[in-house]
Amino acid sequence: MKGKLKVTFLGTGTSQGIPVIGSDHPVCLSENVKDKRLRASVLLSFDNHNYVIDCGPDFRQQMLTNPIATLDGILFTHEHADHTAGIDDIRPFFFKQGDIPIYAHKRVIGSLKQRFDYIFATENRYPGAPAVAINYVENNHAFVLGGRKVIPIEVDHNHLQVFGFRIDDFTYLTDVKRMNDEEIAKVKGTKVLVVNALREELHHSHFNLAEALAFVEKVKPEIAYFTHISHLLGFHDEVEKELPKNVHLAYDNLVITV
């Protein structure tokens, strides 16, 4: 019998995080812990398995704040630095476990091989470098993690293809600007939806708040959480008050069960 899926929001911020370095924006100066956001990532825990979606530059801090004994794999949505730059910090898991499985589009694997060539080296490897086991993700090809079916969902991040993932009744989508009807159909019926909502103003490659709310209305989950949030969206507590009852702003270290 399957256990519950526990989702920990490791980070809910956009590429610069909140506070932004050197910014005097009021949200960046906020003392509310919910206004302090590391780069976007979630930890999925179920049946004694732990998987992370995206591994950004704050991965080390996220793992210190939300410690786990083992890491069964990393799912990458796309290759941008705020979603991949922490891959070197898988070393402690590698030293205990061996090669860490990663799951990503072929293009994303190619980008990682260029930027982190020492991790993927097959000869003359540096002895302190981590290593990974590559698993290619293709659209319309579900795969299995820890005995559970994972459905890739393809979205457009401006002109870049990005994968979201649905596991049971939980769907995680980030860096979405557009989705076609076939991909939206894969999301419908999900109970818990996580999707990006960058700010109020329109953006060329991300849902703004109005677009994210319209998407929630279209797919009709039981509950939705917004992530990949910039300081320009406003103060967490003020924005939260204006959202529909079944829609919430996620915040760092929030834990939910599905």
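Values in this document were obtained by computation on a predicted structure and should not be read as measured data.

1. Quick word on the overall build of the protein chain
Looking only at helices and strands, the protein chain has eight helices and 14 strands in total. In terms of overall dimensions, the protein chain is globule-like: its C-alpha atoms have a radius of gyration of 18 Å, near the 18 Å expected for 258 residues. C-alpha extents for the protein chain along the principal axes are approximately 55 × 40 × 35 Å. Classification of the 258 residues of the protein chain by burial places 54% in the buried group. For the protein chain, restricting intrachain contacts to residue pairs at least 6 apart in sequence, the fraction spanning at least 24 positions comes to 62%. Per element, the accessible surface of the protein chain, about 11,900 Å² overall, is 51% carbon and sulfur. Seen as two clouds, the 28 positive and the 33 negative side-chain charges of the protein chain have centres 4 Å apart.

2. Some remarks on helix α4 (residues 106–115)
Among all positions in α4, only V108, I109, S111 and L112 are buried. Buried residues of α4, seen end-on, are gathered within an arc of 160 degrees and therefore sit on one face of the element. Of the residues in α4, the exposed ones pointing more than 90 degrees away from the buried face are K106 and Q114. Buried residues along α4 sit against α2 (81–84), β5 (100–104), α5 (117–120) and β6 (132–136).

3. Some points on the sheet that holds strand β12 (residues 223–227)
One open sheet accounts for seven strands, arranged β7-β8-β9-β10-β11-β12-β13; its pairing is mixed. What marks the edges here is a single partner per strand, and that holds for β7 (143–145) and β13 (247–249). Averaged over all pairs of adjacent strands, the angle between strand axes in this sheet comes to 30 degrees, irrespective of strand direction. The pairing of strand β10 (residues 170–172) with strand β11 (residues 192–196) spans three bridges and is parallel. Looking at β11, one finds that F170 is bridged to V192.

Parameters and conventions
- Each chain carries its own residue numbering, running from 1 in the direction its sequence is written.
- Totals for whole chains, interfaces and linings use every residue, but because this is a predicted model, local features are given only for residues with pLDDT of at least 70 and side-chain atom pairs only at 80 or more, for both listing and counting.
- Side-chain metrics rest on all non-hydrogen atoms present in the structure, leaving aside hydrogens and water.
- A run of H or I in DSSP counts as a helix once it spans at least four residues, and a run of E counts as a strand once it spans at least two, with each numbered from the N terminus.
- We compute the radius of gyration from the C-alpha atoms alone; for a globule the expected value is 2.2 Å times N to the 0.38, where N is the number of residues.
- A 1.4 Å probe rolled over the protein chains alone gives each residue an accessible area, and that area as a share of the maximum for its type sets the label: buried under 20%, exposed over 50%, partly exposed in between.
- Any two residues having at least one pair of non-hydrogen atoms within 4.5 Å are treated as being in contact.
- Using the Shrake-Rupley algorithm and a 1.4 Å probe, accessible areas are obtained, with residue cover drawn only from the displayed protein chains.
- Only four residue types enter the charge count: Lys and Arg as positive, Asp and Glu as negative, with His and the chain ends excluded.
- The atom standing in for a charge is NZ when the residue is Lys, CZ when it is Arg, CG when it is Asp and CD when it is Glu.
- The arc in question is traced by the directions running from the helix axis to the C-beta atoms.
- Think of it this way: DSSP has to see at least two bridges between two strands before they count as a pair.
- Axes here refer to lines fitted to C-alpha atoms; in helices the fit is confined to the stretch in contact. Angles between the N-to-C directions go from 0 to 180 degrees.

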